[in-house]
Amino acid sequence: MINVLFVCLGNICRSPTAEGVFSALVEKEGLSQSIRIDSAGTGAWHTGSPPDDRAQAAAKARGYDLSLQRARKIIDTDFHIFHYIVAMDRKNYTDLLHIAPPEMRSKIQLFLTFAPNLSVAEVPDPYYGGPDGFARVLDLIESASRGLLRDIRRQHLDNNKEN
Ligand code: 4NP
């Protein structure tokens, strides 16, 4: 089992969207038994809340259901359990590097490095913007999700078949 944790600031907009999009892709590819997916925030303000209504609506328009997710803050155990700890923006990335046990730092990756053809490096925080921001978040997340799944297959799943 490969464990993937998506991380943003509040765990109510970007990382729940990534959890929903990546889960749907993994399910479509028949890999739900091999990849476990969760999300968390570096902040605790929204602990226990469902994803932001705007994030849910934008996701629903593309067929993703985020309604059962609840926000939580990342905890130390996460750094040990998850193989991929995927940050939405550079601030999330550097915050994670600071709180991670040093030997776990290599698990932390910036999400859009899995979509090198995009001209941007970060999934921008849509919280204080309009609905366009949420659609843009979905575009970026859909692209990077395909790249992340390719990486997991290459690094873990395909190799396992050969062994
Ligand atoms: P997220 O968006 O990190 O994508 O979940 C935010 C949600 C809430 C806040 C900031 C960003 N906030 O300041 O409460």
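The text that follows walks through the structure, step by step, so that each part is easy to find. (Residues numbered from 1 in each chain as written. Predicted model: local features only at pLDDT ≥ 70, side-chain atom pairs only at ≥ 80, totals over all residues. Heavy atoms only, no water.)

## What to know about empty space enclosed by the protein
Point 1. For the structure shown, the criterion picks out one cavity of 30 Å³ or more.
Point 2. Of the voids in this model, the largest cavity is the one considered here, and its volume is about 30 Å³.
Point 3. For the largest cavity, the full set of lining residues is Cys-13, Arg-14, Thr-17, Ala-55, Ala-58, Pro-126, Phe-134, Val-137 and Leu-138.
Point 4. Of all the secondary-structure elements, those providing two or more residues to the lining of the largest cavity are helix 1 (14-28), helix 2 (53-60) and helix 5 (131-162).
Point 5. Ranked by the residues each element gives to the lining of the largest cavity, the list is headed by helix 5, at three residues.
Point 6. Here the lining of the largest cavity is built from residues that sort into seven nonpolar, one polar and one charged. (1 Å grid on protein atoms, 1.4 Å probe; cavity = no way out; pocket = protein on both sides within 12 Å on 5 of 7 lines; lining within 4 Å. Points joined across faces, edges and corners; volume = space filled by probe spheres on them. Helix = DSSP H or I, 4+ residues; strand = E, 2+ residues; numbered from the N terminus. Nonpolar A, V, L, I, M, F, W, Y, C, P; charged D, E, K, R; others polar.)

## Examining the pairing of strand 1 (residues 2-8)
Regular strands place side chains that alternate from one sheet face to the opposite one.
Point 1. Burial of strand 1 is extensive: seven of the seven residues sit out of reach of the surface.
Point 2. Along strand 1, one buried face is formed by Ile-2, Val-4, Phe-6 and Cys-8 and the opposite face, lined by Asn-3, Leu-5 and Val-7, is buried too.
Point 3. When strand 1 meets strand 2 (residues 35-41), the two strands line up parallel, connected through seven bridges. Residue pairing in the sheet places Leu-5 in a bridge with Asp-38 of strand 2.
Point 4. The handedness of the strand 1 to strand 2 crossover, carried by helix 1, is right-handed.
Point 5. As paired strands, strand 1 and strand 3 (residues 84-87) are joined by four bridges and run parallel to one another. Following the sheet pairing, Phe-6 is matched in strand 3 by Val-86. (Buried < 20%, exposed > 50% of the residue type's maximum accessible area, 1.4 Å probe, protein only. Pairing = 2+ DSSP bridges. Right-handed = clockwise from strand over helix to strand, strands pointing away.)

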